[in-house]
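Listed here are the chains, written in short residue letters.
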Amino acid sequence: MTGGAGFIGANLCRALAARPEVEKIRVLDDLSSGDLTNLDGVEVDFVMGSILDAELLTDLMADTTTVVHLAARPSVPRSLADPLASHSVNATGTLHVLEACRATRPHVVLASSSSVYGNCQEPHKHEDLPTRPLSPYGASKLATEAYGLAYAESFDLPVLPFRFFNVYGPMQAAGHAYAAVIPTFVSMALRGRPVPIYGDGNQARDFTYVGSLTEVLVDAAVRRVTSPTPVNLAFGTRITLRHLKDALGMVLGRPVEPAFLPPRIGEIQESQASPHLLRRLFPSVCPTPLEDGLRMTVAWFENSATADPGLQLDAHI
Ligand code: NAD
């Protein structure tokens, strides 16, 4: 697995480790945004290194039967700050991973993103819609999936490219400049502070609990599922940021106040998946309801020293 010390990767390592069919998990990560403590207590063979290191990738691929490629430089704002760095890891890095797979042809599961749809006005994004990324991050994730499918066509590599939407849950870091919305909301609300909302808060997302996402990824890896087109990995739920704030208030048992800020460049208004293809390929997977997912996320924040160091500090004031 690439990027296995990150938020999704570390959750996936735990889910894979619980499966008897999985013999050995190897993680390649440069710890640029991941954290080794995310893998505490999980039996993995950890390799510190970059997906931009072609020689290292070739060595690692010799005895690998399945690759889950998650390593990336995530976040839209980070890509606006440095587009070339996002391209280098997300596009060129993916090409290195695929190139290393050519000789041994392992099954490859790739992480693309809903950001490839851009501001497309269709309420439910289905995989046949045109892609028009608004940000360098979206463009680089489009390259991730396009290279994956091109290698499937050109070199008969068994590939499954997923488009993740807004994933949340334990081990998603808060307290840094590029933190995602749910960890930011949880961390601020736990301190009794207003949660920042850019724009009017009516922008809607298809939030996916990480446990539901890893269930699909594990099933995909174990059954060696492939697809000639990208597959949305979200369940078609529409949750506005205002609704999210209220749901978090319900979970915490007290109201959460908003702090409205100017809208952000490149932010998409509506982002919901059409889940039909996902349902066809993975009929048994059942999404975790938002309140349950938020409850598990809040519990992790409350119990983990690494969740948000600032939170622990505040808790002691
Ligand atoms: P994350 O930042 O927690 O994980 C990414 C991991 O990749 C980190 O551990 C990081 O150290 C590692 N990494 C970065 N550059 C590397 C390199 N050059 N070599 C080796 N490792 C490197 O992010 P995440 O949220 O877990 O995202 C995982 C994947 O899912 C990414 O491909 C991301 O684009 C995609 N995705 C995530 C979301 C989401 O909501 N979290 C949504 C859409 C797509």
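Quick caveat, the model's predicted, so the values are computed rather than measured.

1. Description of the overall build of the chain
Next, step 1: Helix and strand counts for the chain stand at 11 helices and 13 strands.
Next, step 2: Over its C-alpha trace the chain gives a radius of gyration of 19 Å, about what one expects of a compact globule, namely 20 Å for 317 residues.
Next, step 3: Overall size of the chain, expressed as C-alpha extent along the three principal axes, is 55 × 45 × 40 Å.
Next, step 4: A burial count over the chain gives 52% of its 317 residues as buried.
Next, step 5: Sequence-distant contacts, at least 24 apart, represent 79% of the contacts inside the chain between residues at least 6 apart.
Next, step 6: With an accessible surface of roughly 14200 Å², the chain has 55% of that area assigned to carbon and sulfur atoms.
Next, step 7: A distance of 5 Å separates the average location of the 25 positive side-chain charges in the chain from that of its 33 negative side-chain charges.

2. Side note on the nonpolar core
Next, step 1: Counting 59 residues, the largest nonpolar core has F162 and F164 as its most contacted members.
Next, step 2: Looking at this core, you find at least three residues from each of domain 1 (7–167 + 209–233) and domain 2 (169–205 + 237–272 + 288–302).
Next, step 3: When sequence neighbours within four positions are dropped, the list of residues in contact with F164 reads I8, L70, A111, S112, S113, S114, L213, L217 and L233.
Next, step 4: Within the second largest apolar cluster, 18 residues are counted, among which are L56, L60, M61 and Y151.

3. Side note on the sheet that holds strand 10 (residues 231–233)
Next, step 1: With parallel pairing, the four strands of this open sheet are ordered in space as 3-4-5-10. Both edges of this open sheet fall to strand 3 (66–69) and strand 10, since each of them pairs with a single strand only. For this sheet, the mean angle separating the axes of adjacent strands, direction not counted, is 25°.
Next, step 2: Pairing geometry for strand 4 (residues 107–113) and strand 5 (residues 159–164), over six bridges, is parallel. Residue pairing in the sheet places A111 in a bridge with F162 of strand 5.
Next, step 3: Packed on one face of the sheet, helix 4 (residues 83–101) meets strand 3 and strand 4 and runs near 175° to strand 3.

4. Comments concerning unusual backbone geometry
Next, step 1: You will see that L31, though not glycine, has its phi angle at about 60°, which is positive.
Next, step 2: With respect to the secondary-structure elements, L31 resides in the loop between strand 1 (26–29) and strand 2 (45–48).
Next, step 3: Non-glycine residue R224 carries a positive phi angle of around 55°.
Next, step 4: Mapping R224 onto the fold places it in the loop between helix 7 (210–223) and strand 10.

5. Side note on the domain arrangement of the chain
Next, step 1: Annotation of the chain at the domain level lists domain 1 (7–167 + 209–233) and domain 2 (169–205 + 237–272 + 288–302).
Next, step 2: Between the C-alpha centres of domain 1 and domain 2 the distance comes to 25 Å.
Next, step 3: On the domain 2 side, the residues contacting the 24 residues of domain 1 number 19 residues.
Next, step 4: Both faces combined, the contact of domain 1 with domain 2 buries some 1800 Å², and carbon together with sulfur accounts for 58% of it.

Each value, and the rule that gives it
Residues numbered from 1 in each chain as written. Predicted model: local features only at pLDDT ≥ 70, side-chain atom pairs only at ≥ 80, totals over all residues. Heavy atoms only, no water. Helix = DSSP H or I, 4+ residues; strand = E, 2+ residues; numbered from the N terminus. Rg over C-alpha atoms; globule rule 2.2 N^0.38 Å. Buried < 20%, exposed > 50% of the residue type's maximum accessible area, 1.4 Å probe, protein only. Contact = heavy atoms within 4.5 Å. Areas by Shrake-Rupley, 256 points an atom, 1.4 Å probe, with all protein chains shown as cover. Lys, Arg positive; Asp, Glu negative; His and termini not counted. Charge placed at Lys NZ, Arg CZ, Asp CG, Glu CD. Core = buried A, V, L, I, M, F, W, Y, C linked by side-chain atoms within 4.5 Å. Domains from an automatic or database assignment. Pairing = 2+ DSSP bridges. Axes fitted to C-alpha atoms, helices over the stretch in contact; angles between N-to-C directions. Buried area = accessible area lost by both parts, 1.4 Å probe.

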